[in-house]
Amino acid sequence: MLAVGDEAKRMVGRTPGNIEAVRPLRNGVIADFEVAQEMIKHFIRKVRERRSFASPQIVISVSSGSTAVERRAIREAAESAGARRVFMVEEPMAAAIGAKLPVMEPTGSMVVDVGGGTTDVAVLSLGGIVYSRSIRVGCDKMDESIIAHVRRTHNLLPGEGSAERIKKEMGSASPPEDGEGESVNIKGHDLMNGVPKEIVLSGRQISESLAEPVGAIIDAVKAGLENTAPELAADIVDKGIVLTGGGALLGNLDYVLRQATGLPVLIADQALRCVALGTGRCLEEMKALKYALHEAH
């Protein structure tokens, strides 16, 4: 028996021998081709239960920094799962469409999509991506940073699920103003004594553990602004930077980006779902949004 996706993440380290928890996507790319193929087949079967068609057209969002080899693996997984035609839309474009930015107009829009495996920074105008950069830093890297910090400072090895919970409950891109801030308990494996143990982490310690991935995101945004044409930069000054993706919900991420750039920074409505909503809209309005799509060959 296999479990995939977020369900698998919650099950890692808790499964009996007859269940293998698998994460087919890591760092924004396919890590396990066969399981990814089965996952896409499962989604196609669910759609067929509600609608009657032989083989569907599929639109898949991909990181703007994904290679030709990685995109071919995605296409082949979708085709082998039963897709008739496979189209791809780059994640920052899908995120911008899902956030209802005016991507088809002759005006510059800047979106920062902080996903699970990657962060995509892009400037869009007239239905195309004028500038894009993708870094392998996202929510997964934030979890790994928390685990590494706790291991280094407390000789405690927490699980991925515990680190993700800490990030969601207490994670912040900036340290608390009042000393150590609130505290939270985290459990894990004591590396010195080999027994389970529970310790207390302060808000300041958690923000310190996230400093490296947050710094990488800030550097990527600054690089994007430096490489933006003056006319488009003027539009971004007026409209600001839009954050999407699950990582956009990290506490104070908008604040530290605002401080670093001096520009307005907004968190999109339904930030967690923007890429999915934008990809769905591309499928529904293929003619209107044809410039955003690329048919996979």
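Everything here concerns the structure above.
Residues numbered from 1 in each chain as written. Predicted model: local features only at pLDDT ≥ 70, side-chain atom pairs only at ≥ 80, totals over all residues. Heavy atoms only, no water.

Trainee: So, the sheet that holds strand S6 (residues 85–90): which residues are in play, and what are the values?
Mentor: As summarised here, the arrangement of the three strands in space is S5-S6-S15, forming an open sheet in which the pairing is mixed. The open sheet has two edge strands, strand S5 (57–62) and strand S15 (294–295), and neither has a second partner. Sitting on the sheet, helix H3 (residues 68–80) is in contact with S5 and S6, with an inclination near 140 degrees to S6. (Pairing = 2+ DSSP bridges. Helix = DSSP H or I, 4+ residues; strand = E, 2+ residues; numbered from the N terminus. Contact = heavy atoms within 4.5 Å. Axes fitted to C-alpha atoms, helices over the stretch in contact; angles between N-to-C directions.)

Trainee: I'd like a rundown of the pairing of strand S11 (residues 183–190), residues and numbers included.
Mentor: A regular strand places its side chains on the two faces of the sheet in alternate fashion. Judged from the two bridges that link them, strand S10 (residues 156–157) and S11 form a sheet pairing that is antiparallel. Bridge pairing in S11 places Leu156 opposite Asp190. Taken together, the seven bridges between S11 and strand S12 (residues 196–202) define a ladder with antiparallel strand orientation. Within the sheet, the bridge partner assigned to Val184 lies in S12 and is Leu201. What sits between the antiparallel neighbours S11 and S12 is a turn of five residues, in which Gly194 has the positive phi angle 75 degrees.

Trainee: Account for a nonpolar patch on the surface, naming residues and giving values.
Mentor: A grouping of Leu249, Ile267 and Leu272 is seen on the molecular surface, where their side chains present a nonpolar patch of about 300 Å² in accessible area. A residue is classified by how much of its surface remains accessible, and Leu249, at 54% relative accessible area, is exposed. (Patch = residues over 30% accessible without salt bridge, like charges linked within 9 Å, V, L, I, M, F, W, Y side chains within 5 Å. Areas by Shrake-Rupley, 256 points an atom, 1.4 Å probe, with all protein chains shown as cover. Salt bridge = Lys/Arg side-chain N within 4 Å of Asp/Glu carboxyl O. Buried < 20%, exposed > 50% of the residue type's maximum accessible area, 1.4 Å probe, protein only.)

Trainee: Any chance you could break down the sheet that holds strand S14 (residues 265–267) for me, citing the residues and the numbers?
Mentor: Two pairing modes exist for strands in a sheet, parallel and antiparallel, and in both the strands are linked by backbone hydrogen bonds. Spatial strand order, S9-S8-S7-S13-S14: five strands in an open sheet with mixed pairing. Two strands close off the open sheet at either side, each with one partner strand: strand S9 (128–135) and S14. Going across the sheet, the axis of each strand differs from the next one's by a mean of 20 degrees, ignoring polarity. As judged from the four bridges shared by strand S7 (residues 109–114) and strand S13 (residues 241–244), these two strands associate in the parallel manner.

Trainee: Give me the lowdown on the environment of Glu231, citing residues and values where you can.
Mentor: Assignment of secondary structure puts Glu231 in helix H9 (residues 230–239). Overall, Glu231 belongs to the exposed group, its relative accessible area being 58%. Spatially, the C-alpha atom of Glu231 lies 8.0 Å from that of Gly108, the residues being 123 residues apart in sequence.

Trainee: Run through the packing of helix H5 (residues 139–154) against helix H6 (residues 160–170), naming residues and quoting values.
Mentor: Between two packed helices, both the angle of their axes relative to each other and the distance between the axes serve to describe the pair. Interhelical geometry of H5 versus H6 gives an angle of 105 degrees and a closest axis separation of 9 Å. Relative to H6, H5 is oriented roughly perpendicular. The segment H5 lies against H6, with Cys139, Met142, Asp143, Ile146 and Ile147 engaging Glu160, Ala163, Glu164 and Lys167. Across the contact of H5 with H6, the residue classes tally to five nonpolar, no polar and four charged. (Parallel < 35°, antiparallel > 145°, perpendicular 65-115°, else oblique. Nonpolar A, V, L, I, M, F, W, Y, C, P; charged D, E, K, R; others polar.)

Trainee: Would you mind going over the pairing of S5 in detail, with residue names and values included?
Mentor: As defined by bridge partners, S5 adjoins S6 across six bridges and the pair is classed as parallel. Bridging from a neighbouring strand, Val62 pairs with Glu90 of S6. Note on the crossover from S5 through H3 to S6: the handedness is right-handed. (Right-handed = clockwise from strand over helix to strand, strands pointing away.)

Trainee: Explain the pattern of salt bridges residue by residue, including any values.
Mentor: Under the definition given, this model contains twelve salt bridges. The partner of Glu38 in a salt bridge is Lys41, with the nearest N and O atoms 3.7 Å apart. Linking Glu38 with Lys41, this pair stays in helix H2 (residues 33–50), spanning three residues, or about one helical turn. Across the pair Glu144 and Lys141 runs a salt bridge whose closest N-O atoms are separated by 3.5 Å. Here Lys141 and Glu144 lie together in helix H5, a separation of three residues that amounts to about one turn. Relative accessible area serves as the criterion here: at 39%, Glu144 is assigned to the partly exposed category. A relative accessible area of 31% means that Lys141 is categorised as partly exposed.

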